[in-house]
Amino acid sequence: MSTYLDHNASTPLDERVLDQMMPYLRAHHGNPSSVYRQGRIARQAIDAARQQVAQLVNAHPSQVVFTSGGTEANNLALKGAVVAPRCVAVSAVEHASVLASAQQLAIEACQLVRIEVDKDGLITEETMSRALASAPERVSIMLANNETGVIQDIARWAEMVASSGALFHTDAVQAAGKMGVDFAALGVQMLSLSSHKLYGPKGVGALVLDKRMELAAQMVGGGQEAGYRCGTENVAAIVGFGKAAELAGLELQSRCSHMLALKQMLLQALSKVESVVVFADQAECLPNTVFLAVPGIDGETLLMEMDRSGVAVSSGSACDSQKRGASQTLLAMGIDETLARCAVRVSFGKDNTEQDIDVFMSAMVRQIKALQENSMLVWA
Amino acid sequence: MEIAKKMKLPIYLDYSATTPADSRVAEKMAACMTIDGDFGNPASRSHVFGWKSDELVNEARKHVAALINADPKEIVWTSGATESDNLAIKGAAHFYQRKGKHIITCKTEHKAVLDTCRQLEREGFDVTYLDPEENGLIELAKLKSVMRKDTVLVSIMHVNNEIGVIQDIAAIGKLCRSRGVIFHVDAAQSAGKVEIDLANLDVDLMSFSAHKIYGPKGIGALYVQRKPRVRIEAQMHGGGHERGMRSGTLAVHQIVGMGEAFRIAKEEMAEENAHILVLRNRLWEGLKGMEEVYLNGDIEHHVAGNLNVSFNFVEGESLIMALKDIAVSSGSACTSASLEPSYVLRAIGRNDELAHSSIRFSIGRFTTEEEIDYTIQLVKNKVAKLRDLSPLWEMYQDGIDLNSVQWAAH
Amino acid sequence: MAYSEKLMDHYENPRNVGSLDKKDASVGTGMVGAPACGDVMKLQIKVGDDGVIEDARFKTYGCGSAIASSSLLTEWVKGKTLEEASEIKNSQIADELALPPVKVHCSVLAEDAIKAAIDDFKSKQSAESAA
């Protein structure tokens with residue numbers, strides 16, 4: 001039996017979500033663009049899901065544009081300008097899909113400004129002002145960080161961005177379902193969501209959009225999603241996303257307090273282990289994420305050993321894990337690279353138990369001991 | 001109608017718009033979503049959840065590659081054929097733009113290809129939209145004659161979604177290869193229905209969709225040839241998934257569904273095609289005796305499941321409404337919300353009346369003989385009823401040449 | 001697109017389908033639309049000596065909304081004077097059938113058709129009185 005503690009990478013699908021999805025694979029298989037009954041059933045299912053997703057983030061259904069996932073939503077938000085921007089600003093701790101989209105714009109003669117964070121992973125008044133001084137046309141700051149779980153004060157930055165005249169996008173992929181997300185109150189023009197981070201299926205996400213702004217589609221042909229995102233709608237997955245969003249809204253309080261209790265229990269246990277460092281512990285964080293390191297023990301090595309003990313954790317973003325570098329988020333926070341290489345991320349889900357923490361802790365203590373002895377042998 | 005009692009209505013005859021997922025596909029998919037299944041993120045390199053998902057993805061890649069005789073390494077997952085078309089055309093055009101900025105496509109392509117080409121035109125590319133022959137096929141000599149020194153890309157679909165004709169992609173590919181031009185083929189409507197042997201075809205890029213062959217919606221693939229190597233610029237950026245060509249968390253259950261659908265297609269294609277062809281011929285035999293009925297698209301080079309017919313003097317949309325016991329479409333689903341007559345039928349030279357009067361029947365895996373017989377009777381009755389209502393039919397019966405009438409256009 | 005019950009009723013059971021003798025002096029014929037646009041509507045009225053429309057007939061090539069619009073109109077104009085009939089507005093037809101926005105042009109076509117039929121009748125009458 002494995003213990004899964006990597007919910008920021010992906011979550012298992014909720015059974016209730018699967019039940020909703022299955023009929024749309026078989027019985028209600030229509031193409032939503034078709035005008036006959038099967039088509040209309042699919043269309044109505046999409047509209048219902050749109051409502052559910054909108055409700056989770058306090059937006060209007062017409063503001064929800066379904067995409068193939070968070071990566072596509074972020075790409076669309078960054079690159080979907082009708083006139084190529086001359087300058088964009090993104091925070092130093094963004095997900096790879098935001099950073100890579102911004103870098104792509106930079107290839108096409110757009111100035112790329114980095115909004116720095118402080119040692120706690122937070123953007124400050126000063127770093128924000130400095131970035132806005134370059135007059136970016138688009139600004140992108142994630143709501144909650146995928147690795148540290150640090151929550152940025154988006155509503156506050158939205159005021160500054162608005163007075164600068166720029167469009168503001170926030171990547172809320174990790175935030176949704178783990179904290180209240182209110183599109184209207186945040187004051188952003190664009191917000192990205194992903195289904196598989198909140199117990200919905202992979203392959204679907206959304207860009208929530210203030211439709212007063214102009215957005216150029218990145219994928220064209222067929223005119224679906226009001227022309228913002230073409231291609232036959234992924235009906236079953238969209239239905240699943242809708243259900244998952246509904247459940248995330250209904251169960252937000254109970255999930256959060258459950259995960260927070262687990263987190264406190266873990267932090268408590270970690271405080272008893274010598275030399276363990278917990279990153280960003282001074283900032284406001286998601287209730288499910290703990291980013292830690294044991295100095296002197298390589299993160300990758302530790303988690304491979306953990307896997308052997310049946311515990312699934314990661315060294316940071318799954319989307320960067322092919323590259324094996326130190327966490328960019330930690331480097332941006334000014335953490336020394338040697339220590340950053342020791343990072344291990346634990347991210348809880350709604351179905352984890354106290355027992356999972358015990359399993360994790362005993363495996364970790366065992367592995368630390370073994371690895372320390374090992375390295376002593378080498379150095380001896 | 002007696003048989004109606006035994007049959008489930010409405011009868012689905014719109015398999016070209018989308019297909020139900022095969023139950024074997026749905027089962028496989030369900031097995032990799034929940035906590036008891038392989039739900040992991042295949043990009044997670046640090047634990048068994050990730051590895052298992054990655055294995056499933058690789059197995060599916062093999063199934064897709066096997067159907068089209070390609071190397072699994074040549075398959076890039078996308079969110080569907082629309083994305084594949086966008087990625088192939090924009091990706092190749094952007095990568096090779098220093099070589100030239102001329103693209104050739106055909107007027108009967110899917111909107112995903114045409115709209116992408118229009119977008120490239122706005123970026124400064126020059127696009128030639130070829131006219132097909134009246135049978136819907138492209139004349140090789142015509143294609144040759146519009147090729148220029150700065151032509152970098154030709155995009156031609158394998159099987160047309162509306163009229164079902166099969167283009168000679170082997171010959172077109174040869175021509176493109178001899179000129180050093182990249183050749184992209186939209187095969188959304190042909191995979192699993194027509195033999196595709198990419199090891200022996202001069203095709204550089206090919207788009208696929210799962211939901212047209214009994215797989216799930218929201219997943220597709222792009223074949224990117226390795227030898228000789230074809231390069232494309234990514235259109236979606238992020239974690240560098242799919243060797244940098246397409247970022248974004250892989251939707252494992254969707255991919256597994258597509259793999260299973262392609263595996264089944266490879267196994268059952270020959271038998272299935274024979275069954276479908278019998279039904280298609282039965283349908284046409286039943287309808288062709290009616291007055292003023294026209295078949296659209298070359299019947300020789302034609303995919304088995306498609307039958308596109310124009311019922312002169314009857315307007316297509318009202319006919320679809322009358323045929324509410326069968327699910328069919330007038331032209332492609334992606335444009336059926338608009339009131340324009342089918343641009344595909346216009347491009348093959350059908351006049352407006354005939355273009356407005358067309359119905360696409362598309363037959364698939366679960367169609368039965370009774371359903372076809374019921375359809376024939378229903379169509380005959382409803383067309384007769386609507387013709388009784390039609391002033392054009394009345395004029396035709398009175399021997400008036402409709403072309404000689406001065407219409408007050410509105 | 002979901003259609004209203006009224007629309008479906010007129011479409012499935014169209015009223016007053018058929019043709020009147022267009023050479024008859026008491027018959028006015030209006031033919032509007034074009035095959036290229038996807039709809040052609042032929043509307044005929046038979047007018048009594050008292051100027052009241054006694055009968056109306058239609059034939060329509062077009063979508064379900066166009067057929068229903070013309071069917072409804074033939075019901076409405078019967079028993080009306082020419083003046084009353086010419087005052088029927090397309091918006092009334094669109095409202096009655098709850099036409100979706102993309103189908104409003106069908107009601108416009110119906111309004112054009114009755115106007116054309118009235119004009120045709122009137123021009124026949126003036127030609128006759130001139131003779």
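Quick caveat, the model's predicted, so the values are computed rather than measured. (Residues numbered from 1 in each chain as written. Chains lettered and ligands numbered in written order. Predicted model: local features only at pLDDT ≥ 70, side-chain atom pairs only at ≥ 80, totals over all residues.)

Colleague: It is not clear to me how the overall build of chain B should be interpreted in this structure. Could you clarify?
Modeller: A tally of helices and strands in chain B yields 12 helices and 12 strands. At 22 Å, chain B has a C-alpha radius of gyration in line with the 22 Å of a compact globule built from 410 residues. Dimensions of chain B, computed from the C-alpha atoms along their principal axes, are close to 75 × 55 × 35 Å. Counting over 410 residues, chain B shows a buried share of 60%. (Helix = DSSP H or I, 4+ residues; strand = E, 2+ residues; numbered from the N terminus. Rg over C-alpha atoms; globule rule 2.2 N^0.38 Å. Buried ≥ 20, exposed ≤ 12 C-beta atoms within 10 Å, placed from the backbone.)

Colleague: Would you mind going over the overall build of chain C with me for this structure?
Modeller: Along the backbone of chain C there are 5 helices and 3 strands. Listing every helix and strand of chain C by position from the N terminus yields α-β-β-β-α-α-α-α. The C-alpha atoms of chain C give a radius of gyration of 14 Å, which matches the 14 Å a tight globule of 131 residues would have. Dimensions of chain C, computed from the C-alpha atoms along their principal axes, are close to 50 × 30 × 20 Å. Taking the intrachain contacts of chain C between residues at least 6 apart in sequence as the baseline, contacts between residues at least 24 apart amount to 63%. (Contact = placed C-beta atoms within 7 Å.)

Colleague: Just to check I follow, could you spell out the confidence of the model for chain B for this structure?
Modeller: A low pLDDT score tells you not to read the predicted coordinates there in detail. Looking at chain B, the pLDDT average stands at 92 and 95% of residues meet or exceed 70. Confidence over residues 332-338 of chain B falls short of pLDDT 50; this stretch has 18 contacts with residues more than four positions distant or in other chains. (pLDDT = per-residue confidence, 0-100.)

Colleague: Mind showing me how you'd approach the nonpolar core here?
Modeller: Within soluble globular proteins, side chains that are nonpolar tend to cluster in buried spots. Among the nonpolar cores identified, the biggest contains 281 residues, and Ala176(A), Val208(A) and Tyr223(B) are the most heavily contacted of them. Among the elements that make up this core, the one with the highest residue count is helix H7 (residues 252-287) of chain B (12 residues). Both domain 1 (3-11 + 252-373) and domain 2 (15-250) of chain A contribute no fewer than three residues apiece to this core. Each residue touching Tyr223(B), except ones within four places of it in the same chain, is listed here: Ile68(B), Ala70(B), Glu74(B), Ile75(B), Leu198(B), Leu205(B) and Met206(B). (Core = buried A, V, L, I, M, F, W, Y, C linked by C-beta atoms within 7 Å. Domains from an automatic or database assignment.)

Colleague: When you look at the interface of chain B and chain C in this model, what are you seeing that I'm missing?
Modeller: Think of interface size as the accessible area that goes away when the parts come together; that is how it is often given. The interface is formed by 21 residues belonging to chain B together with 25 residues belonging to chain C. Where the side of chain B that touches chain C is concerned, the elements lending two or more residues are helix H8 (316-322), helix H10 (352-356), helix H11 (369-389) and helix H12 (391-397) of chain B. Split by residue class, the side of chain B that touches chain C holds 11 nonpolar, 4 polar and 6 charged. (Nonpolar A, V, L, I, M, F, W, Y, C, P; charged D, E, K, R; others polar.)

Colleague: Help me understand the pairing of strand S7 (residues 190-194) of chain A in this model?
Modeller: Where a strand is regular, its side chains alternate between the two sheet faces. Residue and element names in this part refer to chain A. In terms of burial, S7 is a largely internal element, 5 of the 5 residues being buried. The alternating pattern of S7 places Met190, Ser192 and Ser194 and Leu191 and Leu193 on opposite faces, both of which are buried. Here 5 bridges tie S7 to strand S8 (residues 205-209), and the two strands are oriented antiparallel to one another. Of the residues in S8, the one forming a bridge with methionine 190 is leucine 209. (Pairing = 2+ DSSP bridges.)

Colleague: Before we go on, may I ask you to explain the confidence of the model for chain C in this structure?
Modeller: Mean pLDDT over chain C stands at 92; residues scoring 70 or higher make up 98%. Confidence estimates for the predicted assembly give a pTM of 0.86 and an ipTM of 0.92.

Colleague: Sorry, what's going on with the packing of helix H4 (residues 90-97) of chain C against helix H5 (residues 104-130) of chain C here?
Modeller: Helix-helix packing is characterised by the crossing angle of the two axes and by the distance between the axes. All names here are of chain C. Where H4 contacts H5, the axes come no closer than 8 Å and their chain directions differ by 135°. As summarised for this structure, H4 and H5 are arranged oblique, according to the angle between their axes. When you trace H4 past H5, the crossing you get is right-handed. Between H4, through Asn90, Ile93 and Ala94, and H5, the contact on the second element is made entirely by Val104, Ser107, Val108, Ala110 and Glu111. Of the residues contributing to the contact of H4 with H5, the split by class is 5 nonpolar, 2 polar and 1 charged. (Axes fitted to C-alpha atoms, helices over the stretch in contact; angles between N-to-C directions. Parallel < 35°, antiparallel > 145°, perpendicular 65-115°, else oblique. Left-handed = near helix turned anticlockwise from the far one by under 90°.)

Colleague: What should I look at first to understand the sheet that holds strand S1 (residues 27-34) of chain C in this one?
Modeller: Strands in a sheet are paired, the pairing made by backbone hydrogen bonds, and the direction either parallel or antiparallel. Residue and element names in this part refer to chain C. Sheet architecture is open: 3 strands sit in the order S1-S2-S3, paired in antiparallel fashion. Here the strands that pair on one side only, and so sit at the sheet edges, are S1 and strand S3 (53-61). Neighbour-to-neighbour, the strand axes of this sheet turn through a mean angle of 10°, independent of strand direction. When S1 meets strand S2 (residues 39-47), the two strands line up antiparallel, connected through 8 bridges. Bridge pairing links glycine 30 to leucine 43 in S2. In the packing of helix H2 (residues 64-77) onto the sheet, the strands contacted are S2 and S3, and the crossing angle to S3 comes to about 175°. Strands in contact with H5 are S1 and S2; relative to S1, the strand with the most contacts, it is inclined by about 140°.

Colleague: In this structure, what is going on with unusual backbone geometry? I would like to understand it.
Modeller: For residues other than glycine, phi is negative in most cases, and the peptide bonds are mostly trans. The residue after Leu9(B), namely Pro10(B), is reached through a cis peptide bond having omega -5°. Structurally, Pro10(B) can be placed in the segment before strand S1 (11-12). The peptide bond linking Lys227(B) to Pro228(B) adopts the cis configuration, its omega dihedral lying at -5°. If you trace the backbone, Pro228(B) turns up in the loop between strand S8 (220-224) and H7. Even without being glycine, Tyr199(A) reaches a positive phi, approximately 70°. As for its position among the elements, Tyr199(A) is in the loop between S7 and S8. The backbone of Glu225(A) shows a phi angle near 50°, a positive value even though the residue is not glycine.

Colleague: Looking at this model, I keep getting lost on the interface of chain B and chain A. Mind explaining?
Modeller: With 63 residues of chain B at the contact, the number on the chain A side is 62 residues. Of all the elements in the fold, those that place two or more residues in the side of chain B that touches chain A are helix H1 (23-30), helix H2 (48-67), helix H3 (81-95), helix H4 (111-122) and H7 of chain B. A per-element tally of the side of chain B that touches chain A places H4(B) first, with 7 residues. Residue composition of the side of chain B that touches chain A, grouped by class: 25 nonpolar, 30 polar and 8 charged.

Colleague: I'm lost on the pairing of strand S3 (residues 87-91) of chain A in this one. Help?
Modeller: All names here are of chain A. Most of S3 is tucked away, with 4 of its 5 residues classed as buried. Both S3 and strand S4 (residues 111-115) contribute to a ladder of 5 bridges, which runs parallel. When the bridges of S4 are listed, alanine 89 appears paired with valine 113. Following the chain from S3 across helix H4 (residues 96-107) to the adjacent parallel S4, one finds a crossover that is right-handed. Here S3 pairs with strand S5 (residues 138-140) via 3 bridges, running parallel. By the bridge assignment for S5, valine 90 is matched with serine 140. (Right-handed = clockwise from strand over helix to strand, strands pointing away.)

Colleague: Honestly, the environment of Ala312(A) in this entry has me stumped. Any pointers?
Modeller: Its location among the elements puts Ala312(A) in strand S11 (residues 311-312). On the basis of neighbour counts, which here come to 23 C-beta atoms within 10 Å, the residue Ala312(A) falls in the buried class. Note: C-alpha distance between Ala312(A) and Asp358(A) (46 residues apart in sequence) is 14 Å. Apart from the residues within four sequence positions on either side, Ala312(A) is in contact with Ser2(A), Thr3(A), Tyr4(A), Leu5(A), Asp6(A), Asp307(A), His47(B), Val48(B) and Phe49(B).

Colleague: For this particular structure, what's the right way to read the sheet that holds strand S9 (residues 293-295) of chain B?
Modeller: All names here are of chain B. Spatially, S9-S10-S12 is the arrangement adopted by the 3 strands of the open sheet, whose pairing is antiparallel. The open sheet terminates on both sides in strands that have one partner only, identified here as S9 and strand S12 (358-362). When the angles between neighbouring strand axes are averaged without regard to direction, this sheet yields 25°. Pairing of strand S10 (residues 306-311) with S12, which is carried by 5 bridges, proceeds in the antiparallel orientation. Across the sheet, the residue bridging to leucine 307 is phenylalanine 361, located in S12. The strands that H7 touches are S9, S10 and S12; relative to S10, the one it contacts most, it runs at about 15°.

Colleague: Hey, could you run me through the environment of Val146(B) in this one?
Modeller: All names here are of chain B. Topologically, valine 146 is positioned in helix H5 (residues 140-146). Residues valine 146 and leucine 130, spaced 16 residues apart in sequence, show a C-alpha to C-alpha distance of 8.5 Å. Apart from residues no more than four positions distant in its own chain, valine 146 is found in contact with Ile104, Thr128 and Leu130.

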